Amino acid sequence: MAQRAAEYLKADLRQLRLITCHLGNGASVCAVEYGRSVETSMGMTPLEGLVMGTRSGDLDPGILLYLMEKENLDRKGLDALLNRQSGLQGLSGVGNDMRDIVERAAEGDEACRLAIHVFAHRLRKYIGAYAAVMGGVDAIIFTGGIGENSAIIRHRASQRLDFLGASLDEDMNRDLDVTPNQPIEDISASHSRCKILVVATDEQYAIAQQTSKLIEERYKVNTVPPIPIAVSARHIHLCQATVDKLFGVGYQLTEYRPLSQPGQFACNEKLTLVGPKNRIENVRILGPVRDKDQVEISRTDEFFLGIDAPIRESGHVENSPGITLLAENGNKLDIKEGVICAWRHIHMTPEDAEIFGVQDRDVVEIRVENEERGLTFGNVLIRISPKFKLEMHIDTDEANAAELNPGAVGALMDTEASGHLVKRKTQYDKV
Ligand code: AMP
């Protein structure tokens, strides 16, 4: 109803304070403040609030004690009385159908008049209370069998609401006819600041909308595309000054083959890494040259070389350990810092980021499915640039841990640190 009303008023639901009055056999009022339901008249059970077809609505809790003592009612008796024999039925004595009650009242039936009076009075009380809760009201909306069809109830409920800026156009109220083709009508007077609307209930549509939203959220993981995974073997980035020292002044690195990230390439040139414990030969240099030297190795390489390198984002080499670089021509250079273990990360474009719902420097989890060694990578850094191509970068240790093959992909997990049960061993499992 709130949504329909906002559309009808050509307004943003988030800028409206609405009071919706659902008056059917069950009845309730709701305060919808800027798109959020902030108060509703039903309580832990539907019994609280408005007078309904057969429910009492609000009453003095002392009445329960009184009924238990004077009428000797137990829980069952109270339940039957308050839920099925009260409300319009109890007050009118002729049943719960508002049409009969209105007809009898017109013929002078006092009990039916009282029923209408109590029903409308309680409703007006709630409208006033909810206007106070929200600090004002932009539209009051009637719906449900009574709300849509009973001009007299709308007339009674709207009486004396001028202080809220709400006045009814009596002729329009009387002649109103909401239909599926014309499901919403404005019955407020032209000078009325607060609109009074009648909306045809469409619960099926609302249920379908909510259901579809739930389903969409439930399967959100599957709606985002898989992320290709690239495995980086140990490699070296150099600055031009280091290239000069190792290969000769002004030497230009030569391209062996392009890499997946645009503009990046593997070079023909390779170096030997010399650590305190061991050396690793044939480590490829990647181009183009950078501002700083950077040697990216795996944890296994660190143990082998005898170096304790930190996990770092590419480019952040401050206070990392140095190493000795040895070229094939025999030139040797000790770099003071630059050895890191790369922080696993995902390159993506701003358009990809939109699809995945992430921002630059977010840290996410990536699930990799694999029959034997599927696993979830935690602490994966998101890096966004229009120049990037969607790809997750991990090192050889990480790829081996997940038993990854070429063409492997990962899925962005939509919950923080939540593992999910894939398989449970049962007594029927073969060893
Ligand atoms: P609902 O639960 O929304 O189907 O509404 C049922 C209630 O609407 C019953 O109390 C009906 O008597 C009432 N109702 C239906 N049509 C009319 C009408 N023309 N005038 C007054 N009440 C009506």
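The notes below deal with the structure included here.

### A look at the side chain of Ser192
Mapping Ser192 onto the fold places it in the loop between strand 5 (184-186) and strand 6 (195-199). Looking at Ser192, the relative accessible area reads 4%, which means it is buried. Polar side-chain contacts of Ser192 include one of 3.0 Å to the backbone nitrogen of Ser167. One polar contact links the side chain of Ser192 to the main-chain carbonyl oxygen of Cys194, over a distance of 2.5 Å. For Ser192, the residues in contact, after removing those within four places along its chain, are Gly165, Ala166 and Ser167.

### Looking at the side chain of Thr143
Structurally, Thr143 can be placed in strand 4 (residues 139-143). We classify Thr143 as buried; its relative accessible area is 0%. Among the polar contacts listed, one links the side chain of Thr143 to the side chain of Thr201, at a separation of 2.6 Å. Sequence-distant contacts of Thr143, defined by excluding residues within four places in its chain, comprise Met1, Cys21, His22, Leu23, Glu148, Val199, Ala200 and Thr201.

### A closer look at the environment of Met134
Structurally, Met134 is set in helix 6 (residues 110-134). The class of Met134 is buried, set by a relative accessible area of 5%. Once residues lying within four places of it in the same chain are set aside, the contact partners of Met134 are Arg17, Leu18, Ile19, Ala31, Val32, Glu33 and Val38.

### As for the packing of aromatic side chains
According to the stated counting rule, one finds two aromatic pairs in the structure shown. Considering the side-chain rings of Tyr126 and Tyr130, the 5.6 Å spacing of their centres and the 75° angle between planes classify their relative orientation as edge-to-face. With Tyr126 and Tyr130 both in helix 6 and four residues apart, the pair spans about one turn of that helix. Here Tyr126 falls in the buried class, since its relative accessible area comes to 12%. On the basis of relative accessible area, Tyr130 is assigned to the buried category, the value being 3%. Relative to Tyr251, the ring of Phe247 lies with its centre 5.1 Å away and its plane at 20°, an arrangement referred to as stacked. Judged by its relative accessible area of 27%, Tyr251 is partly exposed. For the cation-ring pair, Arg284 lies above Tyr256, with the distance from its terminal atom to the ring centre recorded as 3.9 Å.

### Points about helix 8 (residues 151-158)
By the burial criterion, the buried members of helix 8 are Ile153, Arg154, Ala157 and Ser158. The buried side chains of helix 8 occupy one side of the element, clustering within an arc of 120° when seen end-on. Of the residues trailing helix 8, Arg160 is marked for its positive phi of about 60°.

### Structural notes on the site of the ligand
Close contacts around the ligand come from Gly24, Asn25, Asn96, Asp97, Met98, Arg99, Gly144, Gly145, Ile146, Asn149 and Ser150, and that covers them all. One of the side-chain N or O atoms of Asp97 is found 2.4 Å from an oxygen atom in the ligand. Within the side chain of Asn149, a nitrogen or oxygen atom sits 3.4 Å from a nitrogen atom of the ligand. For the ligand, whose accessible area on its own is 500 Å², the fraction buried by protein is 68%. Mapped by element, the contributors of at least two residues to the shell around the ligand are helix 5 (98-106) and helix 7 (144-149). Ranked by residues supplied to the shell around the ligand, first place goes to helix 7 with four residues. A per-class count over the shell around the ligand returns two nonpolar, seven polar and two charged.

Reading the values: the criteria
Residues numbered from 1 in each chain as written. Predicted model: local features only at pLDDT ≥ 70, side-chain atom pairs only at ≥ 80, totals over all residues. Heavy atoms only, no water. Helix = DSSP H or I, 4+ residues; strand = E, 2+ residues; numbered from the N terminus. Buried < 20%, exposed > 50% of the residue type's maximum accessible area, 1.4 Å probe, protein only. Polar contact = N/O pair within 3.5 Å; in protein donor to acceptor, adjacent residues only side chain to side chain. Contact = heavy atoms within 4.5 Å. Phe/Tyr/Trp six-rings, centres within 6.5 Å; stacked < 30°, edge-to-face > 60°. Lys NZ or Arg CZ within 6 Å of the ring centre and 35° of its normal. Arc of directions from axis to C-beta. Near = heavy atom within 4 Å. Areas by Shrake-Rupley, 256 points an atom, 1.4 Å probe, with all protein chains shown as cover. Nonpolar A, V, L, I, M, F, W, Y, C, P; charged D, E, K, R; others polar.

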